[in-house]
Amino acid sequence: MTKIDYVNRISENLSLTKKDVNNVINELFELIKEDLKNDEKVMITNFGTFETAKTKPFNVYSPYDGKLIENIVQTRVHFKSSSSLKNYLN
């Protein structure tokens, strides 16, 4: 499913305009992105938790010139589903 599919379903269920629902969803995603950028944990009750983790830097060799390249630390987003979501899916 895509975001527009969810916008359509929510607007039908709640009798709201698609524009209003789209604005709310976009704002929610922006707030989640800001919190993750600030290394905060995002917990959504009965759904799950989003967290960021930084990887260790590692060195790789360039296949073009054989020089050593040191990668920068990368930030990854991890999701852990809640037990109620797991139980619902099973």
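Just so you know, these numbers come straight off a predicted model, no measurement behind them.

J.: Explain the pairing of strand β2 (residues 48–54) to me, and be specific about the residues and the numbers.
T.: One ladder, built from three bridges, connects strand β1 (residues 42–44) with β2; its direction is antiparallel. Paired with I44 across the strands is G48, a residue of β2. If you look at the hairpin formed by β1 and β2, you'll find three residues sitting between the two strands, and N46 has a positive phi there, around 60°. Of the strand pairs in this sheet, β2 and strand β5 (residues 75–81) are connected by seven bridges, and their pairing is antiparallel. Looking across to β5, one finds that F50 is bridged to F79.

J.: Tell me about the packing of helix α1 (residues 3–14) against helix α2 (residues 18–37), and name the residues and values.
T.: Relative to each other, α1 and α2 sit at 125°, their axes nearing to 9 Å. Compared by their axis directions, α1 and α2 come out oblique. Considering the relative orientation of α1 and α2, their crossing is right-handed. Along its contact with α1, which presents K3, V7, N8, I10 and S11, the element α2 presents K18, V21, N22, I25, N26 and F29.

What counts, and at which threshold
Residues numbered from 1 in each chain as written. Predicted model: local features only at pLDDT ≥ 70, side-chain atom pairs only at ≥ 80, totals over all residues. Heavy atoms only, no water. Pairing = 2+ DSSP bridges. Helix = DSSP H or I, 4+ residues; strand = E, 2+ residues; numbered from the N terminus. Axes fitted to C-alpha atoms, helices over the stretch in contact; angles between N-to-C directions. Parallel < 35°, antiparallel > 145°, perpendicular 65-115°, else oblique. Left-handed = near helix turned anticlockwise from the far one by under 90°. Contact = heavy atoms within 4.5 Å.

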